[in-house]
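The lines below spell out each chain.
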Amino acid sequence: MIIFSVLLLTFCVGFFGKEEIDDLALVMAVGIDKGEDGQFWITAQVARPADARGEASVGGTEGEATWTATGEGKTIFEAIRNIARFSSRRVYWGHNSIIVVSEEVARDGIVDVIDFFTRNNELRMRTWIVVTEKKANEVVAVKTGLEVIPGISLDRLFRYSPLVAEAPRSDVMTLSAAYVGEHTHPYLAMVNLRSRGVDPEHPREFGSIPQVELSGTAIFRDDQMVGKLDPRESSGFLWFVEDVGTAVIPLSCPNEEGTVTIELRENRFKLTPKYKKGQVSFEAAIETSADLVELGCPTELEHSEIMDILKNDAEDYIKESIEMMIEKVQKEFKVDAIKLGRTFQAKYPQYWVELKDDWDEIFLGVDLDITVKVELNNPQLLENPTRKSKD
């Protein structure tokens, strides 16, 4: 009798806990907008596994790889539940790759977004979260990248974003940590739609298909977006918040028309706080080993002369990028998005106790001395420019 009861209980638990994948609507990307009435509009991109694999669907024909649907509500939870009213499967968040927030929602405040997605036990904390100037539903619905599922393309967009180093790698975990941290403020990557794709049926219409691309950084004060950095300013921002593995610098040819490309490969960044006579300042030192990867300059200069000029130009470019970023976050946004306060606290905890309550005001007058040292290499056998001088 006892054995029979245990087997019956085990069977019942297995029966009610079982959830077939065919019963789930696998969300791959979600967009959050605000409606005219102030309600949340949620757009969910749902994968259709059979069609993504190229298998025949109902009726023996192949369908779209994704299904996109919207729901509205006074809260994010209510909007998502309203999608369930017409979804034939249970909405499942375990495979969601990215959360796209419209700038309108970000400027109103994203505390509801942080609260909902950090409480959701199905969502991974490493899910990417971004801001867009467009409507989030446009970004979520567009077919972008090489993958069959656009949500997977957006996920892989971040995997290779360090190659260009123009937007931070922002996910739910870093957002949540910055929001609850003392004297820290969140920042999120920005994405935009640009006509980059080429229609194979109309190849002469260059860039006729919109694609999603990284386009800078959204800066927040607490949970409200206060401004944005363009891609170059973001490249200066990343030195302070991430390890910059590689980056590309476009330069002009010395004294001639044309372009030069330099790739930063091995980078070292050190931020040192100073405290003298009650004044806070910082020293930022960058050392990088860079390669000359493109030189199309028509010039009569010797190779060594060109390398010396480009080395100085690269150092100036990096320094200017940081100064442009500092000008915005310190003078315009007035928010310590680059975590200078946390760096100062780590070195001078005894002085931080005295300064922390006034840090927002102190930050506005902090001096930052920047030094950049570039070791420029030419890894190619070709030393002379491929374009000859007109002289």
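All values derive from a computational prediction rather than experimental measurement.

Undergrad: Could you clarify how one ought to interpret the confidence of the model for the protein chain in this entry?
TA: The predicted coordinates should not be examined in detail at positions where pLDDT is low. On average, residues of the protein chain score 83 in pLDDT, and 82% of them reach the 70 mark or higher. Here residues 1–16 is modelled with pLDDT under 50, and outside its nearest four sequence neighbours on either side it reaches zero contacts, counting other chains as well.

Undergrad: Would you take a moment to explain the sheet that holds strand β12 (residues 279–295) for this structure?
TA: One key point about sheets: their strands pair by backbone hydrogen bonds, in either a parallel or an antiparallel sense. Ordered in space as β10-β11-β12-β13, the four strands form an open sheet in which the pairing is mixed. The open sheet has two free edges, formed respectively by β10 (247–252) and β13 (367–377), since each of these has just one partner strand. The sheet shows a mean angle of 35° between the axes of neighbouring strands, direction not considered. Where strand β11 (residues 259–276) and β12 come together, 16 bridges link them in antiparallel fashion. Following the sheet pairing, lysine 274 is matched in β12 by serine 281. Where helix α9 (residues 231–241) meets the sheet, its contacts fall on β11, β12 and β13, and the angle it forms with β11 comes to roughly 50°. Across the sheet, helix α11 (residues 340–347) touches β11 and β12, and the angle it forms with β11 is around 50°.

Undergrad: Help me understand helix α3 (residues 76–83) in this model?
TA: Because an α-helix completes one turn every 3.6 residues, residues spaced three or four positions apart along the sequence face the same direction. All buried positions along α3 are accounted for by Ile76, Ala79, Ile80, Asn82 and Ile83. Within α3, the buried residues cover an arc of 155° as seen down the axis, which keeps them to one side. In the core, the buried residues of α3 are packed alongside β1 (24–34), β2 (40–47), β3 (66–73), β4 (90–92) and α5 (111–119).

Undergrad: Please clarify how the environment of glutamate 233 should be interpreted in this entry.
TA: Looking at the element boundaries, glutamate 233 is found in helix α9. On the basis of relative accessible area, glutamate 233 is assigned to the buried category, the value being 7%. In this structure the C-alpha to C-alpha distance between glutamate 233 and glutamate 323, which are 90 residues apart in sequence, comes to 8.4 Å. Ignoring any residue separated from it by four or fewer positions in sequence, one finds glutamate 233 in contact with Lys228, Ser321, Met324, Met325 and Lys328.

Undergrad: How should I be thinking about the pattern of salt bridges in this particular structure?
TA: Side chains carrying opposite charge are able to pair once their charged atoms draw close together. In this structure the tally under the stated criterion is 13 salt bridges. In this structure, the salt-bridge partner of glutamate 103 is lysine 228, at a minimum N-O distance of 3.0 Å. Remark: lysine 228 occurs in strand β9 (residues 224–229) and glutamate 103 occurs in helix α4 (residues 103–108); sequence separation between them is 125 residues. For glutamate 315, the salt bridge identified is with lysine 311, shortest N-O distance 3.0 Å. One end of the pair, glutamate 315, and the other, lysine 311, are both in helix α10 (residues 303–332), four residues apart, so they sit about a helical turn from each other. Its relative accessible area of 28% is what places lysine 311 among the partly exposed residues. Each of Glu103, Arg107, Glu133 and Lys228 takes part in one network of salt bridges that share partners.

Undergrad: How should I be thinking about the environment of threonine 66 in this particular structure?
TA: Residue position: threonine 66 is located in strand β3. Considering only alpha carbons, one finds threonine 66 and arginine 48, 18 residues apart in sequence, at a separation of 5.3 Å. Every residue in contact with threonine 66, bar those within four places of it in the chain, is listed here: Gln45, Val46, Ala47, Arg48, Ile149 and Pro150.

Undergrad: Looking at this structure, how should I read the packing of aromatic side chains?
TA: Each aromatic ring pair is summarised here by two numbers: the centre-to-centre distance and the angle between the ring planes. A full pass over the atoms with the stated rule returns 14 aromatic pairs. On the numbers, 6.4 Å between centres and 55° between planes, the contact of phenylalanine 77 with phenylalanine 116 is tilted. Of this pair, phenylalanine 77 sits in helix α3 while phenylalanine 116 sits in helix α5; the two residues are 39 residues apart in sequence, bridging distant segments of the chain. Ring geometry for tyrosine 348 versus tyrosine 351: centroids 5.8 Å apart, planes at 45°, classification tilted. What makes tyrosine 348 buried here is its relative accessible area of 15%. Aromatic ring contacts, followed pair by pair, group Tyr275, Phe344, Tyr348, Tyr351, Trp352 and Trp359 into a single cluster. One residue, lysine 34, lies across the ring of phenylalanine 40, its end atom 5.2 Å from the ring centre.

Undergrad: What's the story with unusual backbone geometry in this structure? I'm lost.
TA: As a rule of thumb, non-glycine residues mostly have phi less than zero, and peptide bonds are mostly trans rather than cis. Here lysine 334, not a glycine, exhibits a phi torsion of approximately 55°, which is positive. Position of lysine 334 relative to the elements: it lies in the loop between α10 and α11. Of note, lysine 339 is a non-glycine position whose phi angle comes to about 60°, a positive value. Assignment of secondary structure puts lysine 339 in the loop between α10 and α11. Among the residues examined, lysine 339 registers a relative accessible area of 23% and is labelled partly exposed.

Definitions and limits used
- Numbering of residues starts from 1 in every chain and runs along the sequence as written.
- Totals for whole chains, interfaces and linings use all residues, but because this is a predicted model, local features are given only for residues with pLDDT of at least 70 and pairs of side-chain atoms are given and counted only at 80 or more.
- As a rule here, side-chain values cover all heavy atoms of the structure and leave hydrogens and water aside.
- A residue's pLDDT is the confidence the predictor assigns to it, expressed on a 0 to 100 scale.
- By definition, residues are in contact when any of their heavy atoms lie within 4.5 Å.
- For two strands to count as paired, DSSP must find a minimum of two bridges between them.
- Only runs of H or I of at least four residues qualify as helices and only runs of E of at least two qualify as strands under DSSP, and these elements are numbered from the N terminus.
- All axes are obtained by fitting lines to C-alpha atoms, using only the stretch in contact for helices, and the reported angles, taken between N-to-C directions, cover 0 to 180 degrees.
- Summary of the burial criterion: residues with accessible area below 20% of their type's maximum are buried, those above 50% are exposed, and those between are partly exposed, where the area comes from a 1.4 Å probe applied to protein chains only.
- Directions pointing from the helix axis toward each C-beta atom define the arc.
- A carboxyl oxygen of Asp or Glu within 4 Å of a side-chain nitrogen of Lys or Arg is what we treat as a salt bridge.
- Each pair of aromatic rings taken from Phe, Tyr and Trp, with Trp reduced to its six-membered ring, is defined by centres within 6.5 Å and is described as stacked if the planes are under 30 degrees apart, edge-to-face if over 60, and tilted in the remaining cases.
- The rule for a charge over a ring is simple: NZ of Lys or CZ of Arg within 6 Å of the ring centre, and within 35 degrees of the ring normal.

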